[in-house]
Amino acid sequence: RIYHCPKAVTAVGFSRSVPNLLAVGLKDGELLIYDVHDTNPHPTLDTFAKPVAEKHHGTIWETQWVLRDRVMGDQKGEVLVTVSADGRVMQWSILKGLEKVELMRVKRLGREQEMHRGNAKTAFISRQASVMCFDFSAADDSTYLIGTEDGNIHKCSCSYNEQFLNSFTEHSGPVYGTRYSPFTTDVFLSCSADWTMRVWSEELANSMPLQSSSKPVVAAAWSLTSPTMIGSISGNTLSIWDLAIQPMDPIVSIPLTGENKALTCFAFAANGCATVSGDESGVVHVHALQCAEPTETSIAEGIAALKTAISKSDSSTTPL
């Protein structure tokens, strides 16, 4: 089935609790909800008729359906969250025709905070910043990370819409992706236009830079079966990393397309035995991986190896 949208599609995401619902974010900031069970080619819900103040007015860079245990407004269970170039983080209710709650209006760090990059435990907001990506914590469903165009990662709370809990400022270019580890709640991953990925530990107050090329890292993801395995795409190349085997270099890098066709998105299969990558020409590449069923012992050993690798890293330097 093919859905034709009025503008370029910049973000998509399926609901986990109602898998037939597909959220679609557009380049002009409009949000659409499709029911893929319905043969009607038009969206079930959309923001076309809403006033500008009630929707995004910049590109929607990411959509996620987030499972939340706590009550927020009239929401319980799964909610839809979006981030945009307009600097806003929005939560949407689909029960009343896509009504929004603004979780955060993100501003750039002021000059005083920039002079203390990485040291401030609490950073206050000044000037707008484009939000490129986000991820919610599995340990606390009111806490989430956002990555911004100015290279900062901010830890935020749904309880505060004008204050960051913490800021991580080692990247020197736009942050394209950030993801919490599925195995340990104090570790997260980020990727950036500055040619690097970073693996961060809040517990150790340190980050590990990873670089395999001189091109932006546009997407990165954790394996769902190994705590030390990461996949990333940069230019036309897919790289697989295992931080327990060789922390500073990928264990394999494969050019998937010609030099003029860059990769744009990446994910691991849920069983960890395949990767899926998309490129700018519309081709989807699927590759099989050797994998083993994770055990409690292998996961515990992997978490220990991951934290050891981070603790030995010098966060102030880059590999190349």
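Given the structure is predicted, the values throughout are model-derived calculations rather than measurements.

Undergrad: Account for unusual backbone geometry, with residues named and values stated.
TA: Residue tryptophan 195 is not a glycine yet carries a positive backbone phi of 80 degrees. Tracing the backbone through its elements, the reader meets tryptophan 195 in the loop between β16 (187–192) and β17 (197–201). With a phi close to 55 degrees, alanine 205 is a non-glycine residue in the positive phi region. Position of alanine 205 relative to the elements: it lies in the loop between β17 and β18 (206–210).

Undergrad: Describe the state of the cysteines, naming the residues involved and giving the relevant values.
TA: All told, the structure shown has 1 disulfide when counted by the stated rule. With its sulfur 1.8 Å from that of its partner, cysteine 273 forms a disulfide with cysteine 291. Taking the sign of the S-S torsion, about 75 degrees here, the bridge from cysteine 273 to cysteine 291 comes out right-handed. Highlighted residues: cysteine 273 in the loop between β23 (263–268) and β24 (274–279) and cysteine 291 in the loop between β25 (284–288) and α2 (296–311), separated in sequence by 18 residues. Its relative accessible area of 24% is what places cysteine 273 among the partly exposed residues. Here cysteine 133 is not disulfide-linked; the sulfur of cysteine 191 is the nearest cysteine sulfur, at 7.0 Å. Left without a disulfide partner, cysteine 156 is nearest to the cysteine sulfur of cysteine 158, which lies 8.9 Å away. By relative accessible area, cysteine 156 is classed as buried at 0%.

Undergrad: Could you give me a rundown of the nonpolar core, with the residues and numbers involved?
TA: Counting 17 residues, the largest nonpolar core has Val81, Val89, Val106, Phe136, Tyr144 and Ile146 as its most contacted members. Counting only elements with at least two residues in this core, the list comes to β6 (75–84), β8 (99–105), β10 (131–136) and β11 (143–148). Within the second largest apolar cluster, 16 residues are counted, among which are Leu189, Met208, Ala220 and Ala309.

Definitions and limits used
Residues numbered from 1 in each chain as written. Predicted model: local features only at pLDDT ≥ 70, side-chain atom pairs only at ≥ 80, totals over all residues. Heavy atoms only, no water. Helix = DSSP H or I, 4+ residues; strand = E, 2+ residues; numbered from the N terminus. Disulfide = S-S within 2.5 Å. Buried < 20%, exposed > 50% of the residue type's maximum accessible area, 1.4 Å probe, protein only. Core = buried A, V, L, I, M, F, W, Y, C linked by side-chain atoms within 4.5 Å.

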